[in-house]
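Here is how the chains run, residue by residue.
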Amino acid sequence: MSKNILTRGHSRALTRHHKLAVAGVAALGAAAIGFSAVPSNASTATTAEVAAPTAKVAYSTEPIQGVKASVTDQVAGSSVKVEQIAAKKEAAAQATAEKKAAAAAAEAKAEKARQAEEAASRAAERAEVKQAAPEKSYSDNLDGWIRESLAIMKKHGIPGSYEGIHRNVMRESSGNPKAINLWDVNAQNGIPSKGLLQVIPPTFEAYHVPGTPKDIYDPVANITAACNYAADKYGTMDNVDSAY
């Protein structure tokens, strides 16, 4: 009996000191039982939920050839488009330049034609004015005869001056267009000197100037023929100071 009593007393002492510890162990046991009671599919679902996002990302060590080729094609296509645009712009610029050149050529041609037409018109006007303008008239005297003769001589390139002609006319005939020498050697030979500058008929015929009458007594014809002869023999009538 005393042995049993000791045992109960000892048991009561353990329960009293470890009451709280026993309660804690019991709580932990209940928690463990509750955790193990959760169905296995719950854990799987949770894991799947966590793993689901990462399962969508795929990694590969293989080269991404398709993407590179696509980018290369796009770059090549862009280069072709740029070249096509540049070619179109160059063609447009060339066409514009050609149009401008053609327009300039047409304008130059039109201007040239206009100038030619104006030149022809001016020439026609000058011809009309010249035709309408009366010929210059000269007085019917020694002064007029000399001046008209000088105008004809100028056209034919025959030298001579008013003074040289006038001086020799006054010495040879005193200004008489009908003068004739019947006493000198020429007269004795049957070819007397005649006119303002006392020209013999053979000399008049040889040195007659076109545009004047073939009349040795015509004052203008006589002067121009005599000056033509003097130019051939003496250089000019201005160099003649005596019989020639």
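Bear in mind the structure is a predicted one, so any value in this text is a computation, not a measurement.

Asker: Summarise the overall build of the chain; cite the residues concerned and give the values.
Answerer: Along its length, the chain carries nine helices and zero strands. Counting every position in the chain, which comprises 244 residues, the buried fraction comes to 20%. In the chain, once contacts between residues fewer than 6 apart in sequence are set aside, the share between residues at least 24 apart is 47%. When the accessible surface of the chain is split by element, carbon and sulfur atoms take 60% of a total near 17,900 Å².

Asker: Which residues make up the nonpolar core, and what values do they have?
Answerer: In this structure, Ile165, Leu197, Ile223, Cys227 and Met237 are the most contacted members of the largest nonpolar core, which totals 23 residues. Put simply, the parts of the chain that give this core at least two residues each are helix H5 (142-156), helix H6 (162-172) and helix H9 (219-234). When sequence neighbours within four positions are dropped, the list of residues in contact with Ile223 reads Trp145, Ile146, Ser149, Ile165, Leu196 and Leu197.

Asker: Could you give me a rundown of the pattern of salt bridges, with the residues and numbers involved?
Answerer: Applying the stated criterion across every chain yields a total of five salt bridges. Connected through shared salt-bridge partners, Glu163, Arg167 and Asp241 make up one network.

Asker: So, H6: which residues are in play, and what are the values?
Answerer: Residues of H6 that are buried include every one of Gly164, Ile165, Asn168 and Val169, and no others. The arc that holds every buried residue of H6, seen down its axis, measures 125°, which confines them to one face. For H6, the secondary structure elements touched by its buried residues are H5 and H9. Trailing H6 by a residue or two, Ser174 shows a phi angle of about 60°, which is positive.

Asker: Account for the packing of H5 against H6, with residues named and values stated.
Answerer: For the pair H5 and H6, the least separation of the axes is 10 Å and the interaxial angle reads 130°. Taken together, the axis directions place H5 and H6 in an arrangement best described as oblique. Judged by the twist between their axes, the crossing of H5 over H6 is right-handed. For the pair H5 and H6, contact is made by Leu142, Asp143, Ile146, Arg147, Leu150 and Met153 and by Tyr162, Ile165, His166, Val169 and Met170, respectively.

Asker: Just give me the short version of the packing of H5 against H9, but keep the residues and values in it.
Answerer: At a minimum axis distance of 9 Å, the contact between H5 and H9 shows a crossing angle of 50°. Considered as vectors, H5 and H9 are oriented oblique to each other. Here H5 runs over H9; the crossing is right-handed. The residues of H9 that touch H5, namely those facing Trp145, Ile146, Glu148, Ser149, Ile152 and Met153, are Pro219, Val220, Ile223, Thr224 and Cys227.

Asker: Lay out the side chain of Ser173 in plain terms, naming residues and giving numbers.
Answerer: Within the secondary structure, Ser173 is located in the loop between H6 and helix H7 (185-188). A distance of 2.7 Å separates the side chain of Ser173 from the backbone oxygen of Leu196, its partner in a polar contact. Those residues in contact with Ser173 that lie beyond four places of it in its chain are Ala179, Gly195 and Leu196.

Asker: Break down the packing of aromatic side chains for me, citing the residues and quoting the values.
Answerer: Tallied over the full model, the rule gives two aromatic pairs. Both rings, one in Tyr229 and one in Tyr244, keep their centres 6.1 Å apart while their planes meet at 35°; by these two values the pair is tilted. Separated by 15 residues along the polypeptide, Tyr229 in helix H9 and Tyr244 in the segment after H9 bring together distant segments of the chain. Judged by its relative accessible area of 16%, Tyr229 falls in the buried class. Look at Tyr244 and you get partly exposed, because its relative accessible area is 21%. In this structure an aromatic cluster arises from ring pairing among Tyr207, Tyr229 and Tyr244.

Asker: I'd like to hear about H5, residue by residue, with values.
Answerer: Its 15 residues give H5 an end-to-end C-alpha distance of 21 Å, which sits within 8% of 21 Å, the value for a rise of 1.5 Å per residue. Within H5, the full set of buried residues consists of Leu142, Gly144, Trp145, Ile146, Ser149, Ile152 and Met153. The elements touched by buried residues of H5 are H6 and H9. One side-chain oxygen of the residue at the start of H5 lies 3.2 Å from the amide nitrogen of Asp143, identifying that residue as Asn141. Once H5 ends, the next one or two residues include Gly157, with phi positive near 70°.

Asker: Got a sec to walk through unusual backbone geometry? Specific residues and values, please.
Answerer: At Ser174, a residue that is not glycine, the phi angle is positive and equals roughly 60°. A positive phi is found at Gln198, a non-glycine position, where the angle reads about 50°. Structurally, Gln198 can be placed in the loop between H7 and helix H8 (201-207).

Rules used throughout
- Residues numbered from 1 in each chain as written.
- Predicted model: local features only at pLDDT ≥ 70, side-chain atom pairs only at ≥ 80, totals over all residues.
- Heavy atoms only, no water.
- Helix = DSSP H or I, 4+ residues; strand = E, 2+ residues; numbered from the N terminus.
- Buried < 20%, exposed > 50% of the residue type's maximum accessible area, 1.4 Å probe, protein only.
- Contact = heavy atoms within 4.5 Å.
- Areas by Shrake-Rupley, 256 points an atom, 1.4 Å probe, with all protein chains shown as cover.
- Core = buried A, V, L, I, M, F, W, Y, C linked by side-chain atoms within 4.5 Å.
- Salt bridge = Lys/Arg side-chain N within 4 Å of Asp/Glu carboxyl O.
- Arc of directions from axis to C-beta.
- Axes fitted to C-alpha atoms, helices over the stretch in contact; angles between N-to-C directions.
- Parallel < 35°, antiparallel > 145°, perpendicular 65-115°, else oblique.
- Left-handed = near helix turned anticlockwise from the far one by under 90°.
- Polar contact = N/O pair within 3.5 Å; in protein donor to acceptor, adjacent residues only side chain to side chain.
- Phe/Tyr/Trp six-rings, centres within 6.5 Å; stacked < 30°, edge-to-face > 60°.
- Expected span 1.5 Å × (residues − 1).

Keep in mind these values describe shape, not function.
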